[in-house]
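Each chain is listed here by its residues.
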Amino acid sequence: MSINLAQLKQQQIEYANRIILRDDNHFSTPTLIGGTDVGFEEGGQITRAAIVVLSFPNLTLVEYQIAKMPTTLPYIPGYLSFREYPALLAAWQKIEHKPQLLLVDGQGVAHPRKLGIASHLGLLLDIPTIGVAKKKLYGQYQPLPDERLAQEPLFDKTGIEQIGSVLRSKVKCNPLFISAGHRVSQLSALNWVKACLKGYRLPEPTRFADAVASNKPLLQKLLHNFKNNN
DNA sequence: GCGACAG
DNA sequence: ATCTTGTCGC
């Protein structure tokens, strides 16, 4: 069986037209903010999606859910969302306290066809989303000084349109690539991420989602404390 | 043809 | 992403 990339590409173009890059009217400040991350088991055969919900602005863990599904697609740059969104939707259904804003691991509109996983998921769930990626997929930017909160706009290939921001969330760490996903402006996307930083490279929602999705004993232990405190 | 390339 | 120990630097 071959993968019909041309069809997926067409779908991305159609979906991208529906993305809204303005701040949502439904909230001024979120009460709950979510984070997502995806991991794999059995050599990639199983996709494990994690969604965490934190209170805002306290940033304490309120809930987390995990969903596992058989992996259907390999990783193809530019088509990540098709590989990961089914498991993420399953995890979302299990979430009891639905957040008003979701930080998604990966790009938002900083994508060749302006439909990274954050945008794709935001559209499917019809909620505001922000893309928080650890690496660049698309775009160009100027070098950043090694200072906390140093930032540079991420531009389209034309160099005219800003498609996201590059943010040094922590000194001596590689920068984060922040881009609006859906129903949020580029400026707000950057500000919400900054509001979720707590001294680590990754914003808290993403950091917690990472811990849940990647079964690391150290951080998994932090989540065990959460169970006891509830 | 060559380089780039989320997770 | 995942497989993995020690190691360098603040």
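Just so we're clear, the structure is a prediction, and the values are computed from it rather than from any experiment.

Quick notes on the rules
- Positions within a chain are numbered from 1, following the residues in the order the chain's sequence is written.
- Here the convention is simple: chains get letters from A, ligands get numbers from 1, in the order in which they are written.
- In keeping with the predicted nature of the model, local features appear solely for residues at pLDDT of at least 70, side-chain atom pairs appear and are counted solely at 80 or more, and the whole-chain, interface and lining totals rest on all residues.
- Values shown for side chains rest on all heavy atoms present in the structure; no hydrogens or waters enter the calculation.
- Counting from the N terminus, the helices are the DSSP runs of H or I reaching at least four residues and the strands are the DSSP runs of E reaching at least two.
- Between the two quantities, the radius of gyration covers C-alpha atoms and the globule rule is 2.2 Å times the number of residues to the power 0.38.
- The rule is simple: take the accessible area with a 1.4 Å probe, protein chains only, and divide by the maximum for that residue type; under 20% is buried, over 50% is exposed, in between is partly exposed.
- Residues count as neighbours in contact if any of their non-hydrogen atoms are within 4.5 Å of one another.
- Residue exposure ignores everything except the shown protein chains as possible cover, and the areas themselves are Shrake-Rupley values with a 1.4 Å probe.
- Positive charge is attributed to Lys and Arg, negative charge to Asp and Glu, and no charge count is given to His or to the chain ends.
- Every charge is mapped onto a representative atom, which is NZ of Lys, CZ of Arg, CG of Asp or CD of Glu.
- Whether a residue is near a molecule or strand depends on its heavy atoms: it is near if one of them lies within 4 Å of it.
- Side-chain atoms alone can form a polar contact between residues adjacent in sequence; in general such a contact is a pair of N or O atoms within 3.5 Å, and within protein one must be able to donate a hydrogen while the other accepts it.
- Residues are grouped as follows: nonpolar covers Ala, Val, Leu, Ile, Met, Phe, Trp, Tyr, Cys and Pro; charged covers Asp, Glu, Lys and Arg; every other residue, Gly included, is treated as polar.
- The span one expects for a helix is its residue count, reduced by one, times 1.5 Å.
- One speaks of a salt bridge when a side-chain nitrogen belonging to Lys or Arg is within 4 Å of a carboxyl oxygen belonging to Asp or Glu.

A short note on the overall build of chain A
When you go through chain A residue by residue, the secondary structure sums to 6 helices and 8 strands. For a compact globule of 230 residues, the expected C-alpha radius of gyration is about 17 Å, and chain A comes in at 17 Å, within 12% of that figure. Taken along its principal axes, the extent of the C-alpha atoms in chain A is 50 × 50 × 35 Å. For chain A, with 230 residues in total, the buried portion stands at 53%. Long-range contacts, defined here as pairs at least 24 residues apart, represent 62% of the contacts in chain A between residues at least 6 apart. With the model as given, the accessible surface of chain A reaches about 11,200 Å², and the carbon-plus-sulfur share is 52%. Across chain A, the 26 positively charged side chains and the 18 negatively charged ones have centroids separated by 4 Å.

A short note on the protein's contact with DNA strand B
As a matter of local geometry, DNA strand B sits amid 20 residues, with Y75, G78, L80, K134 and K136 nearest to it. A breakdown of the atoms of DNA strand B within 4 Å of the protein gives sugar and phosphate a share of 46%. One nitrogen or oxygen atom from the side chain of Y75 is found 2.4 Å from a phosphate oxygen belonging to DNA strand B. Separating a base nitrogen of DNA strand B from a backbone N or O atom of G78 is a distance of 3.1 Å. Among the elements that take part in the surface near DNA strand B, helix α2 (residues 80-94) stands out by supplying 3 residues, more than any other. Of the residues belonging to the surface near DNA strand B, the class tally is 8 nonpolar, 5 polar and 7 charged.

Description of α2
Compared with the 21 Å implied by 1.5 Å per residue over 15 residues, the 22 Å span of α2 between its first and last C-alpha is a close match. Residues of α2 that are buried include every one of S81, F82, R83, E84, A87, L88, A91 and W92, and no others. Considering only its buried residues, α2 is in contact with α1 (5-16), β1 (32-41), β2 (46-55), β3 (61-70), β4 (101-105) and α3 (117-125).

A short note on the pattern of salt bridges
Following the criterion strictly, the structure yields 8 salt bridges and no others. A salt bridge links E161 to K114; the shortest N-O distance between them is 3.5 Å. Of this pair, E161 sits in the loop between β6 (150-155) and β7 (162-168) while K114 sits in the loop between β4 and α3; the two residues are 47 residues apart in sequence, bridging distant segments of the chain. A single salt-bridge network, built from bridges that share partners, covers D24, D126 and R183.

In short, geometric facts, not functional conclusions.
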